[in-house]
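These are the residues of each chain, in order.
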Amino acid sequence: MGRNYASNDDGDDTVGKVITCKAAVAYGPEQPLVMEEIMVDPPQKMEVRIKILFTSICHTDLSAWQGENEAQRMYPRILGHEASGIVESVGEGVTDLEIGDHVVPIFNGECQDCAYCNSDKTNLCEKFRVNPFKSVMTNDGKTRFSTKSDGKTIYHFLNTSTFSEYTVLDSACVVKIDQKAPLKKMSLLSCGVSTGLGAVWNTANVQAGATVAVFGLGAVGLAVVEGARARGASRIIGVDINPEKRFKGEAIGITDFINPKDMEKPVHQKIRELTNGGVHYSFECAGNLDVLREAFLSTHDGWGLTVVLGIHPTPRMLPLHPMELFDGRRIVGSVFGDFKGKSQLPYFANQCMNGEVKLDEFITHEMPFANINQALQLLIDGKSLRCILHL
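Scope of this entry: the structure provided in the associated data block.

**Looking at the packing of aromatic side chains**
Alright, step 1. Taken as a whole and assessed by the stated rule, the structure comprises four aromatic pairs.
Alright, step 2. Seen in terms of ring centroids, W201 and F348 are 6.0 Å apart; in terms of plane orientation they differ by 80 degrees. Their pairing is edge-to-face. Of the two residues, W201 sits in helix α3 (residues 192–204) while F348 sits in helix α8 (residues 341–353), which places them 147 residues apart along the sequence. Across the pair, exposure class does not vary: W201 and F348 are buried alike.
Alright, step 3. With 6.5 Å between their ring centres and 65 degrees between their planes, F336 and F339 make a pair best called edge-to-face. Grouping residues by exposure puts F336 and F339 together as buried.

Here it is in structure tokens:
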């Protein structure tokens, strides 16, 4: 049977048809993303097609673009997982979303039906959890993207693929938010802000008066700072080798800044001196195992908790001896801030709308989607937190 086609400006006429639109396609490690016309198939059973309005680049996108993990390489591919947009059409069986809904995509889905989704111990989903190796749709093992020029398959990324004017996702990876929510800011909830702030509120459950150390002051690390500030932490120590991060950190809420390059002693020793033996909570947001060890040792013995948020491509294992855990320090990982996306993110979006969380400080740049390679370079150079791309 032939395919029905529509251009991306046909409005309601696009439903059920293949859409031709612009996308930024990755063809190999560290190769500039190619802005080209692609074809996006209609959503199949339990899938949703979204018109992306805003997207941004996260360090996870950067790592994938650089091809840091060879086993995860798959080309051509559409990267991107932080975005917001509007539902263009829904596939068979989708009942919780409809055309025109304002939504954010999530890389860590929630089917709301499996044993994992029904457990209060995890925010992972049996079928739609984050999976960097996955490059096709769950429904049929195929992709919904192809090149316009020769019909070649283009692969998906992290359940989302938001570097495209239109994308197709499993409905489990699409969260409906309040129509009044500003979509530009809501794109931050797809990854960075939810991951960092959720690690404070959900994973660690930081309480007022607690002391916190944050290792790595990128977008996720600063979201940790914001979460700790909102919870009333008495001391928030930011650690970063980039001295420029101090100013953004102080604007959001750090009380102290440590640059390891300026230290003659290990960072954890300095933190212990500042906090009478160590912080209650440390958050590792750098993806560096040496940093992770410093974060672990910066917590107080007896009750310190370290939360791992950084992505670690290295084959090295945890830099800890099992006996060190007998000193009462604990270490735990956190995915998407332990938020259950579909069931909990809408409320978090409302909290952001009500001013409980400050999002403005995270947006450092804005530019047209066509300038995505420039936005990528800003992140590489450490000059941006989030550069919002307007589609």
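**Brief notes about helix α5 (residues 245–252)**
Alright, step 1. If you check which residues of α5 are buried, you get K245, G249 and I252. Within α5, the buried residues cover an arc of 65 degrees as seen down the axis, which keeps them to one side.
Alright, step 2. Each element contacted by the buried residues of α5 is listed here: α4 (219–231) and β13 (256–258).
Alright, step 3. Count one or two residues on from α5 and you reach G253, which has phi positive near 155 degrees.

**Details of the nonpolar core**
Alright, step 1. Grouped together as the largest cluster of nonpolar side chains are 100 residues, with contacts concentrated most on I38, F163, M186, F283 and F348.
Alright, step 2. Within the second largest apolar cluster, nine residues are counted, among which are V239, V267, I271 and V279.

Conventions we followed
- The residue numbering used here restarts from 1 in each chain and proceeds along that chain's sequence as written.
- A pLDDT threshold of at least 70 governs which residues receive local features in this predicted model, and a stricter bar of 80 or more applies before side-chain atom pairs are shown or counted, although totals over entire chains, interfaces and linings include all residues.
- Side-chain figures throughout are based on the complete set of non-hydrogen atoms in the structure, without hydrogens or water.
- Two aromatic rings, drawn from Phe, Tyr or Trp (for Trp, its six-membered ring), form a pair once their centres lie within 6.5 Å of each other, and the interplanar angle then sorts them: stacked below 30 degrees, edge-to-face above 60, tilted otherwise.
- A run of H or I in DSSP counts as a helix once it spans at least four residues, and a run of E counts as a strand once it spans at least two, with each numbered from the N terminus.
- With a 1.4 Å probe rolled over the protein chains alone, any residue whose accessible area is under 20% of its type maximum counts as buried; one over 50% counts as exposed, and the rest are partly exposed.
- In this context, the arc is that of the directions from the helix axis out to the C-beta atoms.
- Pairs of residues are marked as contacts when any of their non-hydrogen atoms sit within 4.5 Å.
- The definition of a nonpolar core used throughout is a set of buried Ala, Val, Leu, Ile, Met, Phe, Trp, Tyr and Cys residues joined through side-chain atoms within 4.5 Å.

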